[in-house]
Amino acid sequence: QTPRPAMLAPAISLSSPSAAAAALPTLLPVSSSSCAPGIAVPPLAARPISRRAGCAPALRTAAASSPFAVSRAVPEGGPASPLLAVPVPDDEDADAAMDGGDGGEQTGLATRPAVAPPRPPPERDFAGTPYVPVYVMLPLGVVSVKGEVAEADELVAQLRVLKAAGVDGVMVDCWWGNVEAHRPQEYNWAGYKRLFHIIRDLKLKLQVVMSFHECGGNVGDDVSIPLPEWVIEIGKSNPDIYFTDREGRRNTECLSWGIDKERVLQGRTAVEVYFDFMRSFRVEFDEYFEDGIISEIEVGLGACGELRYPSYAANHGWKYPGIGEFQCYDRYLQKNLRRAAEARGHAMWAKSPDNAGHYNSEPNNTGFFCDGGDYDSYYGRFFLNWYAQVLLDHADRVLMLARLAFEGSAIAVKVSGIHWWYKTASHAAELTAGFYNPCNRDGYAPIAQVLKKHGAALNFTCVELRTMDQHEVYPEALADPEGLVWQGAERCVGCRDTSGQRERAAMLRQGRLQQDTGERQAAERPRWAALVRVHLPEALQHPLRGTQPP
């Protein structure tokens, strides 16, 4: 019998398994009974609803609910996939070889037992299997605001090629602006129903993104999908629902975290709006959860669907490698800042820095971010801690409700890999984005703690980048993407490459990052739960023209 193929993956470990369990986020589902007290959730919202008689919500299996969950087991039988290279012998084959049974080879003198195929190196607690799921992200506008699947026939042909190539599934954005477009709590899921039906028929898995931001203003955005019309109308009379920079420019890409608990959205708070959207999705697609078609939900938490402030918006004039600007000048966040300053006993600190430069400044050209600058003063530490805490509080609130809405399902969060100016003392670009991560402080440990609290995985966005490549193209940026990845990977388990470059992820799996680190142990390599390719390979974009999968 042909051995089953599988793929090896690297792993990172802390000093001990107990330390890892204590410090790192996992994908383990957490019961809603452990939620913070004092938060009222209607009984209907507390648990998934099944429209099939006698059918309870599907919990993940032991293997699937581990921190290193995979979307499916290694495929049984069939031709070996080009994505799977390392043979793993069947248990019965190995037992037969050890026993010297019928599989023995007859010689002239004696029966020589068959030799068992060599086993791969022991895995590092990767859910008991070396397999790494591979997903491909669908086009951003695959479902239109009218509820139609764009170019459905060509999409089906492309999905068939992906399936033949051994891809596990696809990732798709569910846009808030498409689904709840016209009136509050009126959801149009028709287009996504058609799309998911196609994907299920092809026996592919689904990772779904709850996209609470607009599409069209970021790198790679090829369509325009604004926020819901009724939200835009509210913003015309109350523009403070959006993030705002020092000069008063509003960023309409997503809602300010200052209204998380403010009833300014026709009687609802922002987090209530997000929860209602997620609950509607969970109820509408209940059968896809119970059948295991939807393997993970990624929860959008900010600009570009990432957990960060919109500090480096191109439509406000930002260009790489500018440090960006703080985004806390709407009246709701300013009120929050005043309360924090008064609680600290320093009412004069209720202000944002006035010497932090502009979007395209360099750190050493500002009084706040330069070496020895105000970022490390008593006031600077207070402000940056408050600014980062707003980010953490937002993530905590939304993930708590996401865990209620998707109880028993895997959830994930995307964090932007802001690698420019990483080799400076202040890490200015990270500070303006909300990551309080200067050279004398670990800004990603608190994020990891929030993710662990809610059983969420971390999706990181700059895994494919090489430090030397950055130095060749933009030496003035003092970037270090590999150093940033190592820092994030040391804090978080279940990292996933959403960069779009399978080749770079393969280099990581081969241990290429150890070139600059000397005698690192194999157990210190990054551990990836899955790989998501953002851009479709050219050979797969036009399957009807006779191209073949790579």
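Please read all numbers here as calculations on a predicted model, not as lab measurements. (Residues numbered from 1 in each chain as written. Predicted model: local features only at pLDDT ≥ 70, side-chain atom pairs only at ≥ 80, totals over all residues. Heavy atoms only, no water.)

(A) Focus on the packing of helix 10 (residues 331–344) against helix 11 (residues 378–405). The interhelical angle for the contact between helix 10 and helix 11, taken along N-to-C directions, is 130°, at an axis separation of 11 Å. By the angle between their axes, helix 10 is oblique relative to helix 11. For the element pair helix 10 and helix 11, the recorded crossing hand is right-handed. Taken together, the residues of helix 11 that come into contact with helix 10 (itself represented by Leu333, Asn336, Leu337, Ala340, Ala341 and Arg344) are Phe382, Phe383, Trp386 and Val390. Taken together, the residues that form the contact of helix 10 with helix 11 break down as eight nonpolar, one polar and one charged. (Axes fitted to C-alpha atoms, helices over the stretch in contact; angles between N-to-C directions. Helix = DSSP H or I, 4+ residues; strand = E, 2+ residues; numbered from the N terminus. Parallel < 35°, antiparallel > 145°, perpendicular 65-115°, else oblique. Left-handed = near helix turned anticlockwise from the far one by under 90°. Contact = heavy atoms within 4.5 Å. Nonpolar A, V, L, I, M, F, W, Y, C, P; charged D, E, K, R; others polar.)

(B) Inspection of the pairing of strand 11 (residues 411–415) at higher detail. Most of strand 11 sits inside the fold, with five of its five residues counted as buried. Side-chain alternation along strand 11 places Ile411, Val413 and Val415 on one buried face and Ala412 and Lys414 on a second face that is also buried. One ladder, built from two bridges, connects strand 10 (residues 294–299) with strand 11; its direction is parallel. Note on strand 11: the bridge partner recorded for Ile297 is Ile411. Alignment of strand 11 against strand 12 (residues 456–460), held across five bridges, turns out to be parallel. Bridging across to strand 12, Lys414 finds its partner in Asn459. (Buried < 20%, exposed > 50% of the residue type's maximum accessible area, 1.4 Å probe, protein only. Pairing = 2+ DSSP bridges.)

(C) Just the packing of aromatic side chains, in detail. One pass over the structure, following the stated rule, counts 41 aromatic pairs. Ring centres of Phe196 and Tyr288 lie 5.9 Å apart, and the angle between their planes is 70°; on these two criteria the pair is classed as edge-to-face. In this pair, Phe196 sits in helix 6 (residues 190–201) while Tyr288 sits in helix 9 (residues 286–290), placing the two residues 92 residues apart along the sequence. Using a relative accessible area of 5% as the deciding quantity, one classes Tyr288 as buried. Seen in terms of ring centroids, Phe326 and Phe383 are 5.0 Å apart; in terms of plane orientation they differ by 85°. Their pairing is edge-to-face. Taken together, the residues span a long stretch of sequence, with Phe326 in the loop between strand 10 and helix 10 and Phe383 in helix 11 at a distance of 57 residues. (Phe/Tyr/Trp six-rings, centres within 6.5 Å; stacked < 30°, edge-to-face > 60°.)

(D) Layout of the confidence of the model for the protein. Per-chain confidence: the protein averages 76 in pLDDT, with 65% of residues scoring 70 or above. Confidence drops under pLDDT 50 across residues 493–526; counting only partners more than four residues distant or on other chains, this segment forms 100 contacts. For residues 543–550, every residue scores under 50 in pLDDT, and the model assigns this stretch 13 contacts once sequence neighbours within four places are set aside. (pLDDT = per-residue confidence, 0-100.)

(E) Up close: the nonpolar core. Phe196, Leu255 and Phe281 are the most contacted members of the largest nonpolar core, which totals 127 residues. The greatest single-element share of this core, amounting to 18 residues, is contributed by helix 11. Apart from the residues lying within four places of it in its own chain, the contact partners of Leu255 are Trp176, Leu227, Val231, Ile241, Tyr242, Phe243, Leu265, Ala270 and Tyr274. (Core = buried A, V, L, I, M, F, W, Y, C linked by side-chain atoms within 4.5 Å.)

(F) Representation of the environment of Ala152 in the model. Along the chain, Ala152 turns up in helix 4 (residues 152–164). Taking the C-alpha atoms as reference, Ala152 lies 8.7 Å from Val142; in sequence the two are 10 residues apart.

(G) Spatial organisation of the pattern of salt bridges. All told, the structure shown has 18 salt bridges when counted by the stated rule. With a shortest N-O distance of 3.5 Å, Glu247 and Arg249 are connected by a salt bridge. The salt bridge partner of Arg308 is Glu306, with a shortest N-O separation of 2.7 Å. The pair Arg308 / Glu306 is uniform in exposure class, with both members buried. A network of salt bridges, in which partner residues are shared, links Glu180, Arg268 and Asp276. (Salt bridge = Lys/Arg side-chain N within 4 Å of Asp/Glu carboxyl O.)

(H) Layout of unusual backbone geometry. The omega torsion across Tyr320 and Pro321 is 5°, close enough to zero to call that bond cis. One can find Pro321 in the loop between strand 10 and helix 10. Although it is not a glycine, His427 adopts a positive phi angle of roughly 55°. Its relative accessible area of 5% is what places His427 among the buried residues.

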